[in-house]
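# Understanding the architecture of this molecule
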Amino acid sequence: MNRIKEIFFRLRNEPMGIFGLVLVLLVVLCAVFAPFLVTHDPNALDIVNRLAGPSSDHWMGTDQLGRDVFSRVVMGSRIAVWVALVTVSLSLGIGLVLGMMAGYGPKWMDSGLLLLFDTLRSFPTIMFALALVTVFGPSLQTVIIVIVATTFPVYGRMVRTQTQALAGNEFIVAEEAMGAGMMRVLGVHILPNIVGPLFIVASMDIPVVITIEAGLSFLGVGVRPPTPSWGAILNDGYAYIRNTPWIIIFGGIPLIVTTLGFTFLGESMRDMFDPKLRKDL
Amino acid sequence: MLFYLLKRVGLAVVIVVVAVVLLYSMIHVVPGDPASVMLGPRATPEMKQEIYERMGLDRPFVVQVASFLGNVARGNLGMDFFSERPVAEIVFKQLDETLVLVLASISWAMLLGIPLGCYSAVFRNRFSDKLVGVFSIGVIAVPSFVVALYSLLFFAVTLKWLPAIGAGESGQFLDQVQHLILPAFAIGLGWVGYIARLVRASMLEVLNENHIRRARAFGLPETTIVFHYALKLAILPTVTLLGTGIGRLISSAVFAEIVFARPGIGKLIFDSVVSRNYPLVMGAVLVSTVLFVLSTTISDSINAMLDPRVRERL
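All values derive from a computational prediction rather than experimental measurement.

On to the overall build of chain B, then. If you tally the helices and strands in chain B, you get 14 helices and two strands. Overall size of chain B, expressed as C-alpha extent along the three principal axes, is 85 × 55 × 35 Å. Here chain B holds 314 residues, and the buried ones make up 40% of them.

Next comes the structure, spelled out in structure tokens:
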């Protein structure tokens with residue numbers, strides 16, 4: 001609790017951080033209370049009113065099937081926040097375990113895991129995603145697999161380096177001399193020391209993850225219709241860009257707001273809590 | 001240094017081999033079998049058998065991988081069944097288009113990002129520096145495909161200043177340049193922010209060094225100090241950033257090529273995914289991966305040449 005208080009206390013002097021926090025809260029609240037905020041059923045078809053402009057009934061107009069764009073945008077925030085939470089937690093978990101194993105385990109394990117990390121990082125994300133989609137078919141699960149597979153190696157490498165740096169410290173050597181096993185050394189002594197900076201890096205990855213999900217859904221290989229996703233809304237708008245520009249305009253705004261919010265907040269948090277990562281920016 | 005280079009190149013080769021094996025193995029996890037997926041539900045057993053034989057899927061898995069690796073090493077990426085042309089020929093033709101786009105994007109980003117970074121460093125902590133900082137983070141955060149869509153909407157569809165789709169008539173240079181502007185803008189915008197931030201950070205370090213103080217003491221004009229002496233050193237991290245950033249650049253190019261309906265490797269992969277053309281997907285992903293591994297190897301080697309500490313980390 002004190003930690004949260006400290007964050008808010010220090011955030012007071014960071015206008016960019018406050019701005020980011022407000023945007024993030026807006027998106028998260030929107031995702032949590034989405035069912036109460038929508039004005040229409042986001043998947044309800046109304047062919048008579050298709051491609052209608054913004055009005056008092058449809059604040060952001062309607063798409064090619066007459067669905068209310070505002071309601072779809074609001075519900076889309078759920079997909080974005082959910083995918084971000086699930087993928088970042090999974091990547092963090094896998095990266096932590098494998099990274100600590102590489103950093104503390106025997107040399108052969110280190111070399112093997114490092115090769116795995118470097119190989120997975122060598123695929124350009126979207127290309128890798130498209131290749132996986134050919135195999136598994138487009139779905140939310142494929143999106144999650146792609147994002148986790150391309151982000152966990154980054155955490156893994158980072159955890160490995162930090163574990164190696166810590167493993168040589170006197171307090172770890174002393175602990176080992178007293179007979180502590182690998183699980184105790186890693187779980188009780190190394191983990192608490194590396195988890196802080198890792199969370200900051202993970203929080204800065206949230207906008208990247210949301211962008212990948214929206215990007216894949218925009219390409220039509222992500223979340224399946226009729227599930228409302230910001231990328232899918234942009235895809236709908238792209239097909240009708242010449243006659244109905246509002247779908248693209250309103251579909252892009254939440255994506256910009258979310259990525260800006262998380263980036264501004266993440267940058268401020270990093271500057272506040274990890275000056276080593278800051279490089280005087 | 002030679003030892004480092006050998007080790008680094010060796011690692012790159014191993015990574016590419018593992019990547020090839022991974023990509024090839026993917027075909028074997030396809031639900032159903034690849035031949036049915038490619039040919040659709042109406043495929044006859046004879047047609048399936050032909051695809052199996054031509055793709056070599058009737059042989060043991062290890063033999064298939066080994067023969068695929070051998071072919072890749074000789075530059076043979078297989079045949080495209082639909083157009084009956086070699087995959088390598090199709091991919092490399094499209095790669096040129098993508099490289100032109102990527103090069104154009106990064107060039108304008110550097111032209112704007114480097115002076116912005118220098119300006120920020122020289123006027124450190126002033127209001128304008130903070131403004132550049134917020135601008136940089138802002139453009140980094142906005143997804144490039146949203147920039148592509150918005151620029152298509154405003155500059156091509158609404159204002160009609162620039163052409164919306166295609167890469168222009170071949171042979172007509174001006175037309176091609178016009179078609180290049182919007183996609184290059186969309187890809188490069190985020191990079192302006194990256195480069196400005198990086199140049200500012202390394203410039204601040206360099207400006208505090210003794211040789212710069214000495215130049216100041218000699219009374220050299222500030223512009224000469226910044227652009228002639230400091231920038232030469234401060235630009236190095238940017239050059240290495242480009243090496244590791246090529247993967248992200250290629251990913252952004254996929255979106256720009258699709259939004260602006262431009263030919264290129266991104267569009268090629270996307271179209272092949274839609275038509276389930278496995279050999280083409282594999283060939284194109286492989287080429288872009290090799291390109292990425294190659295550029296990170298080069299940038300790591302340059303880094304190691306400049307900073308001996310990097311050599312020890314491998």
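A few words on the overall build of chain A. For chain A, the count of helices and strands is twelve helices and zero strands. When the helices and strands of chain A are placed in sequence order, the string is α-α-α-α-α-α-α-α-α-α-α-α. Seen through its C-alpha atoms, chain A measures out along the principal axes to roughly 75 × 50 × 30 Å. Burial status across chain A gives 47% buried among its 281 residues. Across chain A, every contact between residues at least 6 apart in sequence was considered, and the portion connecting residues at least 24 apart equals 68%.

So, on to the interface of chain B and chain A. Accessible area lost when the parts come together is the quantity often used to give the size of an interface. Of the residues lining the interface, 43 residues belong to chain B; the matching set on chain A comes to 39 residues. Mapped onto the side of chain B that touches chain A, the elements with two or more residues apiece are helix 1 (2-27), helix 6 (127-141), helix 7 (144-158), helix 8 (173-207), helix 11 (236-259), helix 12 (265-274) and helix 13 (278-306) of chain B. Residues that form the side of chain B that touches chain A fall into these classes: 36 nonpolar, five polar and two charged.

We now examine the packing of helix 4 (residues 69-104) of chain A against helix 11 (residues 246-273) of chain A. All names here are of chain A. Orientation of helix 4 relative to helix 11, taken along the N-to-C sense of each, is 30 degrees, at an axis distance of 10 Å. With respect to helix 11, the axis of helix 4 lies roughly parallel. For helix 4 against helix 11, the interelement crossing comes out right-handed. In this structure, helix 4 uses V69, V73, G76, S77 and A80 to contact helix 11, whose residues at the interface are I247, F250, G251, P254 and T258.

A word on unusual backbone geometry. Of the consecutive residues P225(A) and P226(A), the connecting peptide bond is found in the cis state with omega at 10 degrees. For P226(A), the position within the fold is in the loop between helix 9 (182-218) and helix 10 (230-239).

Counting through the fold element by element, F8(A) comes out in helix 1 (residues 2-11). The sequence separation of F8(A) and I18(A) amounts to ten residues, and the corresponding C-alpha distance is 9.1 Å.

What follows covers the packing of helix 4 of chain A against helix 9 of chain A. Helix-helix packing: each pair is described by the crossing angle between the helix axes and the interaxial distance. All names here are of chain A. Where helix 4 meets helix 9, the axes come as close as 7 Å, and the angle between the chain directions of the two elements is 145 degrees. Here helix 4 and helix 9 pass one another in a crossing that is right-handed. Facing helix 4, whose interface residues are A80, V83, A84, T87, V88, L92, M100 and Y104, helix 9 presents M182, L186, I190, L198, A202, D205, I206, V209, I210, E213 and A214. Of the residues assigned to the contact of helix 4 with helix 9, the class counts are 16 nonpolar, one polar and two charged.

Bringing the confidence of the model for chain A into the picture now. Averaged over all residues, the pLDDT of chain A is 86; the fraction at 70 or higher stands at 96%. The weakest mean pLDDT in chain A belongs to helix 12 (residues 275-278) of chain A at 51; the strongest belongs to helix 4 of chain A at 93.

The next point concerns the nonpolar core. If you look at the biggest cluster of nonpolar residues, it comprises 154 residues, and the most contacted ones within it are L130(A), A148(B), I269(B) and V281(B). With sequence-adjacent residues up to four places away left out, V281(B) is seen in contact with L130(A), A131(A), T134(A), I269(B), S272(B) and V273(B).

Here we take up helix 4 (residues 61-73) of chain B. Compared with an ideal rise of 1.5 Å per residue, which puts 13 residues at 18 Å, helix 4 of chain B spans 18 Å between its outermost C-alpha atoms and is within 8% of the ideal. Of the residues one or two after helix 4 of chain B, G75(B) is the one with positive phi, at around 85 degrees.

Mapped onto the fold, L280(B) is located in helix 13. Setting aside anything within four residues of it in sequence, one finds L280(B) in contact with D80(B), V87(B), I90(B), L268(B) and S272(B).

Before going further, it helps to examine the confidence of the model for chain B. All names here are of chain B. Of the residues in chain B, 94% reach a pLDDT of 70 or more, and the chain-wide mean stands at 85. Of all the helices and strands in chain B, helix 14 (residues 308-313) carries the lowest mean pLDDT, 66, while helix 7 carries the highest, 92. Both scores are available for the predicted complex, with the pTM at 0.87 and the ipTM at 0.87.

Next up on the list: the environment of V201(A). Structurally, V201(A) is set in helix 9. A residue is classified by how many C-beta atoms lie within 10 Å of it, and V201(A), with 17 of them, is partly exposed.

Here is what the cut-offs are and how they apply
- Residues numbered from 1 in each chain as written.
- Chains lettered and ligands numbered in written order.
- Predicted model: local features only at pLDDT ≥ 70, side-chain atom pairs only at ≥ 80, totals over all residues.
- Helix = DSSP H or I, 4+ residues; strand = E, 2+ residues; numbered from the N terminus.
- Buried ≥ 20, exposed ≤ 12 C-beta atoms within 10 Å, placed from the backbone.
- Contact = placed C-beta atoms within 7 Å.
- Nonpolar A, V, L, I, M, F, W, Y, C, P; charged D, E, K, R; others polar.
- Axes fitted to C-alpha atoms, helices over the stretch in contact; angles between N-to-C directions.
- Parallel < 35°, antiparallel > 145°, perpendicular 65-115°, else oblique.
- Left-handed = near helix turned anticlockwise from the far one by under 90°.
- pLDDT = per-residue confidence, 0-100.
- Core = buried A, V, L, I, M, F, W, Y, C linked by C-beta atoms within 7 Å.
- Expected span 1.5 Å × (residues − 1).

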